[in-house]
Amino acid sequence: MSRIAKRFARLKADKRAGLVTYVTAGDPNLDVSYQILKGLPAAGADLIELGMPFTDPMADGPSIQLAGQRALKAGITVDATFDMVRRFRKETGDNDTPILLMGYYNLVYQRGPERFCKDAAAAGVDGFILVDLPPEEADELKPHAVAAGIDTVLLTAPTTDDARLPAVLKYSSGFVYFVSVLGITGTSSATEEAVRTHVERIKRHTDLPIGVGFGIRTPDQAAAIARHADAAVVGSAIVERVKAGLDDGGKAKPDLVPGVFAYIKALADGVRGVRKA
Amino acid sequence: MPSAPNSFRTGPDERGHFGIFGGRYVAETLMPLILDLEKAYNAAKADPTFQNELDYLLEHYAGRPSPLYYAKRLTEKLGGAKIYFKRDELNHTGSHKINNVLGQVLLAKRMGKTRVIAETGAGQHGVATATACALFDIPCVVFMGAVDVARQAPNVVRMNMLGAEVRAVTAGSATLKDAMNEALRDWVATCENTFYCIGTVAGPHPYPAMVRDFQCVIGNETRVQMMKAEGRLPDTLVACIGGGSNAMGLFHPFLDDKGVRLVGVEAGGKGVETGEHAASLTGGRPGVLHGNRTYLLQDAEGQITEAHSISAGLDYPGIGPEHSWLKEAGRIEYVSATDDEALAAFQMLCKLEGIIPALEPAHALGHVIKLAPTLPKDNLLVMNLCGRGDKDVFAVAERLGMKI
């Protein structure tokens, strides 16, 4: 069983939903970014999404675009991202919290899908979320991911109808990521009713856990998602806390890391306050 | 290298691939929409009503067929190949872009879409889209890099006059690539009512094939016109390439005529060897961006690098996927012309033929100036003069130190 599957099994046993936190690798610099990564589980993250910065993040809103630019300026690379994960596993001894890399396919393609999967697995990565790799193009990655023991979490959207869902699910493992709004990251939010309807619809097609993301900013919103989904995913709002912790010269202020953790703790409290059947 | 297929004109396959190139690398939110678009386009293509309406507009609104003009003075000056221009700069709106836009906006109307968005570099595609949207009374938003807004100001004014909203994009290098990112971001949020009118033979399937089909009118006309003028097919075709739509439109109908030499001219910027250029095929390698796999300018990791060109329309780090395939298949030669060569060609054409070309086809001409003298006098060469230079006169004047 993969770390992701084990973590969702644990959450189910605990009768609660999980909190998935997104941070951009290398934002605002490699050192502070690692400090954030290291402390995420203690702050309340059940799963971690680590964003791989890309020059042209077409599916991301301004917050994550800017985070990626800060990280690229600070010198983040794919190898440095793998190193962060390797160091996390070694230094924290945390062998349970799943880490997923999130980003765009070109970085995978340039290294070669096979080598990318092997290197990621060796570093301690558990899954990929590649926003521009729909099932139609997933064949060149999937076998290598399977061979390396890496889960591929595909996205479903409000536009993904019942006829199309099986194609998406065929390539998904670990969990399914439901993009709850039409749009880019960090902009609008879905209503609880819309999320409930879609989650129920997806559940009719799969036993995989469902994570819901896009536009979740407050502990109350996270709790509302937790009532219906297996996990709530928060990204842009966390990345904005990183930005808020920078001074005018772009240097990290002393309260940056504690500020990020305090915010994640509040989100986690929201999610954990919901008891599931 | 793949073995030569029986025909170069059968692609893409049903998944939108030209060999390893092309495809549909888009967010899931858009995936059902581009599948719908593909269906709607295939239905429209098979519907004579659609084709008739498009043909009528191309003839009576855009002014097609564009002339095939024998450039006698240029031919005599260069002393080699007999040079013809396909005069697509005489189209309504001043470039070949209108050919594609009329097709796509008709399709948008047919699909019941109530809003059209587009990206633009030089502004020619933006102006064409704004024009068609005015004609069909559809609200139009054009995304344009802030750098391009400044260097192609006349086109921004034109778009505004035509009722379109121009959104200046300041992200990244603030040029065509970033305009396309922003258009995709808009589309993912508005896809239920919005049609994305892509300006070149790039993007996710079916765009590269659809835009090519709409632009093939250029090559189809050239074939007929050359038969009438000379009684045979041309020997050499030359066109500039940014995303590659004017070149594909001219070349595609000739891909299976083995005797016709095809030459695509990329923007060499300050020189391909300087690294400051927009020649994706010459200086790039395959990667995935903007919905398709194609040759891209990028670093070792796969981060996209900035293109450089004096021409806003060629200033793009990628190229249409079918060009990437045809390069690897060896059917089309791809070369480059620098900023300075394009500027020299621009001035030569003004004075020799009384035609002010856009900076984009000035690149094609920059190569023709080198190529034509090496060819025999009976070599029939057609260059696609795909845009007129009205939009460029102030920028060129400034570059040449002319007083206005």
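Since the model is a prediction, treat every value here as computed from it, not as a measurement. (Residues numbered from 1 in each chain as written. Chains lettered and ligands numbered in written order. Predicted model: local features only at pLDDT ≥ 70, side-chain atom pairs only at ≥ 80, totals over all residues. Heavy atoms only, no water.)

## Digging into the pairing of strand β1 (residues 18-24) of chain A
Residues and elements named next belong to chain A. In terms of residue burial, β1 counts as a mostly covered element, since seven of its seven residues are buried. Judged by which residues are buried, β1 turns out to be covered on both faces: G18, V20, Y22 and T24 on one side and L19, T21 and V23 on the other are all buried. In this sheet, strand β9 (residues 231-234) lies alongside β1 in parallel orientation, the contact comprising four bridges. In the sheet register, T21 faces β9, and the bridge partner there is V234. Alignment of β1 against strand β2 (residues 47-51), held across five bridges, turns out to be parallel. Among the inter-strand pairings, T24 is bridged to a residue of β2, identified as G51. Each parallel crossover has a hand, and for β1 linked through helix α2 (residues 30-43) to β2 it is right-handed. (Buried < 20%, exposed > 50% of the residue type's maximum accessible area, 1.4 Å probe, protein only. Helix = DSSP H or I, 4+ residues; strand = E, 2+ residues; numbered from the N terminus. Pairing = 2+ DSSP bridges. Right-handed = clockwise from strand over helix to strand, strands pointing away.)

## Looking at the interface of chain A and chain B
Accessible area lost on assembly of the parts is the figure often given for the size of an interface. Each side of the interface is counted separately: chain A has 38 residues, and chain B has 38 residues. With both chains or domains summed, chain A and chain B bury close to 3000 Å², and 49% of this area falls on carbon and sulfur atoms. Scanning the region where chain A abuts chain B turns up 23 residue pairs in polar contact (both at pLDDT 80 or more). Looking at the side of chain A that touches chain B, the elements that each hand over two or more residues are α3 (62-73), α4 (78-92), α5 (105-111) and β6 (155-156) of chain A. Among the elements that line the side of chain A that touches chain B, the one with the most residues is α5(A), at six residues. (Contact = heavy atoms within 4.5 Å. Buried area = accessible area lost by both parts, 1.4 Å probe. Polar contact = N/O pair within 3.5 Å; in protein donor to acceptor, adjacent residues only side chain to side chain.)

## Looking at the packing of aromatic side chains
All names here are of chain A. Overall, the coordinates contain 14 aromatic pairs over all chains when judged by the stated rule. With centroids separated by 5.5 Å and ring planes inclined at 65 degrees, the aromatic side chains of F116 and F128 adopt a geometry described as edge-to-face. Placement of F116 in helix α6 (residues 113-123) and of F128 in strand β4 (residues 127-130) is noted, with a sequence separation of twelve residues between them. Comparing F116 with F128, the two get one shared label, buried. Put simply, the rings of F82, F116 and F128 pair up and form one aromatic cluster. Lying over the aromatic face of Y34, R87 brings its terminal NZ or CZ to 3.9 Å of the ring centre. (Phe/Tyr/Trp six-rings, centres within 6.5 Å; stacked < 30°, edge-to-face > 60°. Lys NZ or Arg CZ within 6 Å of the ring centre and 35° of its normal.)

## Considering empty space enclosed by the protein
All names here are of chain B. For the structure shown, the criterion picks out eight cavities of 30 Å³ or more. What the largest cavity holds in volume is close to 360 Å³. Every residue lining the largest cavity is counted, 30 residues in all, and those nearest its centre are H96, K97, L176, G243 and G313. Looking at the lining of the largest cavity, the elements that each hand over two or more residues are β5 (115-120), α5 (124-136), α8 (176-190), β9 (236-241), α11 (245-251) and α15 (359-371). In this structure, the second largest cavity occupies an estimated 150 Å³ of space. (1 Å grid on protein atoms, 1.4 Å probe; cavity = no way out; pocket = protein on both sides within 12 Å on 5 of 7 lines; lining within 4 Å. Points joined across faces, edges and corners; volume = space filled by probe spheres on them.)

## Quick word on the side chain of K97(B)
Residue and element names in this part refer to chain B. Take K97: it is sitting in helix α4 (residues 97-110). Despite its burial, K97 pairs with no opposite charge; the closest candidate is E119, at 6.6 Å N-O. Discounting residues that sit within four places of it in the chain, K97 has contacts with Q124, H125, A128, G199, T200, Q215 and S245. (Lys, Arg positive; Asp, Glu negative; His and termini not counted. Salt bridge = Lys/Arg side-chain N within 4 Å of Asp/Glu carboxyl O.)

## Describing the UniProt feature "domain: Tryptophan synthase beta chain-like PALP" (unreviewed entry) in chain B
Per the UniProt record, the feature "domain: Tryptophan synthase beta chain-like PALP" (unreviewed entry) sits at residues 62-387 of chain B. The distance separating the terminal C-alpha atoms of residues 62-387 of chain B is 13 Å; by composition the span is 41% helix and 20% strand. (UniProt positions renumbered as here; feature names shortened; annotations may be inferred.)

## Some thoughts on a nonpolar patch on the surface
Where nonpolar side chains cluster on the molecular surface, the patch consists of I356(B), V393(B), F394(B) and I404(B) and spans about 400 Å² of accessible area. Examined against the element boundaries, I356(B) turns out to sit in the loop between α14 (339-353) and α15. (Patch = residues over 30% accessible without salt bridge, like charges linked within 9 Å, V, L, I, M, F, W, Y side chains within 5 Å. Areas by Shrake-Rupley, 256 points an atom, 1.4 Å probe, with all protein chains shown as cover.)

## Considerations on the UniProt feature "active site" (unreviewed entry) in chain A
According to UniProt, the "active site" (unreviewed entry) feature falls on E49(A) and D60(A). Put simply, the named residues that line the second largest cavity are E49(A) and D60(A). Assignment of secondary structure puts E49(A) in strand β2. Residue contacts for E49(A): discarding those within four places in its chain leaves V20(A), T21(A), Y22(A), V23(A), L100(A), M102(A), I129(A), Y177(A) and V233(A). For D60(A), the residues in contact, after removing those within four places along its chain, are Q65(A), Y104(A), I184(A), T185(A) and R185(B). Of note is the side chain of D60(A), whose polar atom sits 2.8 Å from the side chain of T185(A).

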